[in-house]
Amino acid sequence: MWRFLRMIVTVLVLGALFYAFRVPLEKRFGGFLANIQAIYAPCKRPIMYSLGTFDTRFGIPKQDFLASVREAEAIWEKPIGKELFAYTQDGQLAVNLVYDYRQEATIKLKNLGLAVDESRTSYDALQTKYEEMKSVLSQAQAQYDSVVATFNKRLD
């Protein structure tokens with residue numbers, strides 16, 4: 001009986017010490033504890049995300065972009081039945097909307113009258129247009145080279 005009581009008191013004292021020093025222990029072993037949690041209890045807490053870089057050249061308001069991100073979030077969360085992501089102002093994961101060369105190329109193609117989507121038809125149409133333009137360029141390059149050669153011959 002005394003042995004059992006001594007064990008309970010020891011567990012209570014250790015628990016109180018861990019609770020009292022939880023902040024320094026978290027700082028010291030936080031990464032280790034996070035790894036253990038990721039292995040044994042994944043998705044226990046949602047990943048907090050925030051809005052990072054937001055390029056206004058896309059022409060959409062921030063609220064519309066965040067609504068689209070929430071829709072994407074729901075696509076991930078619905079099958080598992082848990083909250084996997086949550087939006088906060090200072091979330092650890094930044095969601096960025098960056099205008100780069102890919103978007104610029106998409107807009108140039110759109111201005112040329114070429115629709116870009118993810119279908120095979122769109123790809124085939126772009127491939128055909130590319131081959132046509134490549135052929136026209138080759139012919140123009142050959143004609144240019146011929147004219148330059150004639151010019152250089154006459155110049156000599």
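Thresholds, definitions, all that
Position numbers for residues count from 1 along each chain, tracking the sequence in the order it is written. The predicted nature of this model means local features are confined to residues of pLDDT at least 70 and side-chain atom pairs, given and counted, to a pLDDT of 80 or more, with totals for whole chains, interfaces and linings taken over all residues. Hydrogens and waters are ignored; side-chain quantities use all the structure's heavy atoms. Each helix is a run of H or I in the DSSP string that is no shorter than four residues. Each strand is a run of E no shorter than two, and both are numbered from the N terminus. Computation of the radius of gyration draws on C-alpha atoms, with the globule rule given as 2.2 Å multiplied by the number of residues to the power 0.38. In this scheme, a residue with accessible area under 20% of its type's maximum is buried, one over 50% is exposed, and one in between is partly exposed, where area comes from a 1.4 Å probe on protein chains only. The contact definition used throughout considers only heavy atoms, calling two residues in contact when any of these lie within 4.5 Å. Residues grouped as a nonpolar core are buried Ala, Val, Leu, Ile, Met, Phe, Trp, Tyr and Cys residues, joined through side-chain atoms within 4.5 Å. Any two strands with at least two DSSP bridges between them are considered paired. Crossovers are described as right-handed under a simple rule: with the strands pointing away from the observer, the path leading from the first strand over the helix to the second runs clockwise. To obtain each axis, a line is fitted to C-alpha atoms, and for helices this fit is confined to the stretch in contact; angles are then taken between N-to-C directions over 0 to 180 degrees. Each reported salt bridge corresponds to a side-chain nitrogen of Lys or Arg within 4 Å of a carboxyl oxygen of Asp or Glu. Each polar contact in these results corresponds to two N or O atoms within 3.5 Å; when the atoms are within protein, one needs to be able to donate a hydrogen and the other to accept it, and residues that are neighboring in sequence are counted only if both atoms are side-chain atoms.

Draft legend 1. Structural context of the overall build of the protein. The number of helices and strands found in the protein is five helices and three strands. The helix and strand sequence of the protein, counted from the amino end, reads α-α-β-α-β-β-α-α. In summary, the protein has a C-alpha radius of gyration of 31 Å against a globular reference of 15 Å for 156 residues, an excess of more than 25%. The principal-axis extent of the C-alpha atoms belonging to the protein is close to 115 × 40 × 30 Å. The buried share among the 156 residues of the protein stands at 11%. Nonlocal contacts in the protein, meaning residues at least 24 apart in sequence, comprise 65% of its contacts between residues at least 6 apart.

Draft legend 2. Geometry of the nonpolar core. Within the largest apolar cluster, five residues are counted, these being Tyr49, Phe54, Phe65, Val69 and Leu97. Where this core is concerned, the elements lending two or more residues are β1 (47-54) and α3 (62-80). Filtering out sequence-adjacent residues up to four positions away, tyrosine 49 remains in contact with Val69, Arg70, Glu73, Phe85, Ala86, Tyr87, Thr88, Gly91, Leu93 and Val95.

Draft legend 3. Looking closely at the pairing of β1. Relative to strand β2 (residues 85-87), β1 runs parallel, the two sharing three bridges. Considered in β2, the bridge of isoleucine 47 is made with phenylalanine 85. Each parallel crossover has a hand, and for β1 linked through α3 to β2 it is right-handed. Relative to strand β3 (residues 93-97), β1 runs parallel, the two being bridged by four bridges. Each bridged residue has a counterpart across the sheet, and for tyrosine 49 the counterpart in β3 is leucine 93.

Draft legend 4. Molecular detail of the sheet that holds β1. Pairing is parallel in the open sheet, where three strands are placed in the order β2-β1-β3. Of all strands in the sheet, those with a lone pairing partner are β2 and β3, marking the two edges. Taken pair by pair, the neighbouring strands of this sheet meet at an average axis angle of 40 degrees, ignoring direction. Strand contacts of α3: β1, β2 and β3, with the helix running at about 145 degrees to β1, the strand carrying the most contacts.

Draft legend 5. Broad picture of the pattern of salt bridges. Scanning all chains against the criterion turns up three salt bridges. Across the pair aspartate 55 and arginine 57 runs a salt bridge whose closest N-O atoms are separated by 2.9 Å. When the shortest N-O distance is used, the salt bridge between glutamate 104 and lysine 108 registers 4.0 Å. With glutamate 104 and lysine 108 both in helix α4 (residues 101-111) and four residues apart, the pair spans about one turn of that helix.

Draft legend 6. Region of interest: the side chain of aspartate 55. Turning to its location among the elements, aspartate 55 is positioned in the loop between β1 and α3. Polar side-chain contacts of aspartate 55 include one of 2.9 Å to the side chain of arginine 57. Those residues in contact with aspartate 55 that sit more than four places away from it in its chain are Leu97 and Tyr99.

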